[in-house]
Amino acid sequence: MKLFQTLKTCLASLCLSVLCLSAVAQDIKTVYHVNTGVETASAILGNVRNHLNADPQAKITVVTHGPGIDFLLEGAKDSKGREFSGMVGELSGKGVQFRVCNNTLTTRNVDPSKVVMEAKVVPSGVAEVARLQAKEGFVYLKP
Amino acid sequence: MKLFQTLKTCLASLCLSVLCLSAVAQDIKTVYHVNTGVETASAILGNVRNHLNADPQAKITVVTHGPGIDFLLEGAKDSKGREFSGMVGELSGKGVQFRVCNNTLTTRNVDPSKVVMEAKVVPSGVAEVARLQAKEGFVYLKP
Amino acid sequence: MKLFQTLKTCLASLCLSVLCLSAVAQDIKTVYHVNTGVETASAILGNVRNHLNADPQAKITVVTHGPGIDFLLEGAKDSKGREFSGMVGELSGKGVQFRVCNNTLTTRNVDPSKVVMEAKVVPSGVAEVARLQAKEGFVYLKP
């Protein structure tokens, strides 16, 4: 019976290992780390779009803090007066996730209701960038 | 012999699994890569502080080179004339490590004795940023 | 049963050792992500050279997009009027690889024949930066 137990445990670990190894074959997950202002946002959203065109299976999460959150506030516009909401909505429809740092909202006294509905507020932008890499298998990109 | 082979395979997978799982449970280690000057240092140190507030178990190492080393030189001050030493000392007390690139010291002819005691001089800042990720399990963040 | 225990312990340590050694022994592969213009290129190439001096076994791939591609176009010069070709050739001779984003070439209407022979054109710079990390074991560095 003891041998049977050991075998059972071993087989369970085998399954786990296979799962770990299969992670290698999975879709690529990338965190875009954004802490620069609206003047850079159009180019960054263009990068995300190009990334998805080149790799449609890519999972992309855009984490923002500091001036980086600005393009995710209601009514935010680029230098040509066009609202970012169209591009954000389009990318969100393709599975791109957007996150906004609550420390930044607090420090700058911005009400969370000003954040567009496509974005989710997280306690800390920098801690989120680290967590996604260390715990969820994301690779990093600073656009 | 077949049973032995099976056991061997199972044990190998067990080791792998344990390693995989232990990776999940470990504290997150993050390298902050800094090569911008004193005008950016206050915001960067604020990022590190926010990171630690959000994740008190986080291990953070700040690797500096080029203009990035300036806030770690004796007597360095921010734009409002406040010395960085207080903030560096506070973060160091919380376990944050600071590293300064020796190539930069040599190129700029800065004597290593000018580096604050909380920081350690390493041969190359960029090689250190790569080493921490490849050999010590750090994730990357460029503030 | 004692023999079985001993075997188990030995195999576990063997697995651990093999995994540890394989992590320690591999050369470090680093992707340098460059999307800033020629005014930053000399310092970046200097970083790559310092990196190789500190770690001669390092594998370095420089992936460029946006204004980052400019120093890899024929005849590109730095602010002092010196061509980048010498430095690019020297680093290429030491095994450094250079990649240029085809999306950028298309958007800016630059003919691929303008790209220096040391560099390879890839479909998307950002997707390449992610792929090298997720699929080829590269660590990231934004100079």
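Just above, that's the structure.
Everything numeric in this text was worked out from a predicted model, so none of it was measured. (Residues numbered from 1 in each chain as written. Chains lettered and ligands numbered in written order. Predicted model: local features only at pLDDT ≥ 70, side-chain atom pairs only at ≥ 80, totals over all residues. Heavy atoms only, no water.)

## A look at the pairing of strand 4 (residues 119-122) of chain C
The two faces of a sheet get side chains in turn, since along a regular strand they alternate between them.
Residue and element names in this part refer to chain C.
Now for step 1: Pairing between strand 3 (residues 97-101) and strand 4: four bridges, direction parallel. Bridge pairing in strand 4 places Arg99 opposite Lys120.
Now for step 2: Note that the unit made of strand 3, helix 4 (residues 102-107) and strand 4 has a crossover that is right-handed. (Pairing = 2+ DSSP bridges. Helix = DSSP H or I, 4+ residues; strand = E, 2+ residues; numbered from the N terminus. Right-handed = clockwise from strand over helix to strand, strands pointing away.)

## Considerations on the pattern of salt bridges
Now for step 1: According to the stated counting rule, one finds 21 salt bridges over all chains in the structure shown.
Now for step 2: One salt bridge in this structure joins B:Arg108 and B:Asp70, with 2.7 Å as the shortest N-O distance. Of this pair, B:Arg108 sits in the loop between helix 4 (102-107) and strand 4 (119-122) while B:Asp70 sits in the loop between strand 2 (59-64) and helix 3 (85-93); the two residues are 38 residues apart in sequence, bridging distant segments of the chain.
Now for step 3: With its nearest N and O atoms 3.0 Å apart, the salt bridge here joins C:Glu90 to C:Arg49. Residue C:Glu90 is found in helix 3 (residues 85-93), and its partner C:Arg49 is found in helix 2 (residues 38-54); the two are separated by 41 residues along the sequence.
Now for step 4: Its relative accessible area of 32% is what places C:Arg49 among the partly exposed residues.
Now for step 5: Through salt bridges with shared partners, one network takes in A:Arg99, A:Glu128, A:Arg131 and A:Glu136. (Salt bridge = Lys/Arg side-chain N within 4 Å of Asp/Glu carboxyl O. Buried < 20%, exposed > 50% of the residue type's maximum accessible area, 1.4 Å probe, protein only.)

## A look at the packing of helix 2 of chain C against helix 3 of chain C
Axes are the key here: two packed helices are described by the angle between their axes and the distance separating the axes.
Residues and elements named next belong to chain C.
Now for step 1: Contact pair helix 2 / helix 3: the axes reach a minimum separation of 11 Å and the direction vectors enclose 25°. On the basis of the axis angle, helix 2 is roughly parallel to helix 3. Crossing handedness for the pair helix 2 and helix 3: left-handed. Here Leu45, Gly46, Val48, Arg49 and Leu52 of helix 2 lie close against helix 3, whose contacting residues are Met87, Val88, Glu90 and Leu91.
Now for step 2: Looking at the contact of helix 2 with helix 3 residue by residue, the classes come out as six nonpolar, one polar and two charged. (Axes fitted to C-alpha atoms, helices over the stretch in contact; angles between N-to-C directions. Parallel < 35°, antiparallel > 145°, perpendicular 65-115°, else oblique. Left-handed = near helix turned anticlockwise from the far one by under 90°. Contact = heavy atoms within 4.5 Å. Nonpolar A, V, L, I, M, F, W, Y, C, P; charged D, E, K, R; others polar.)

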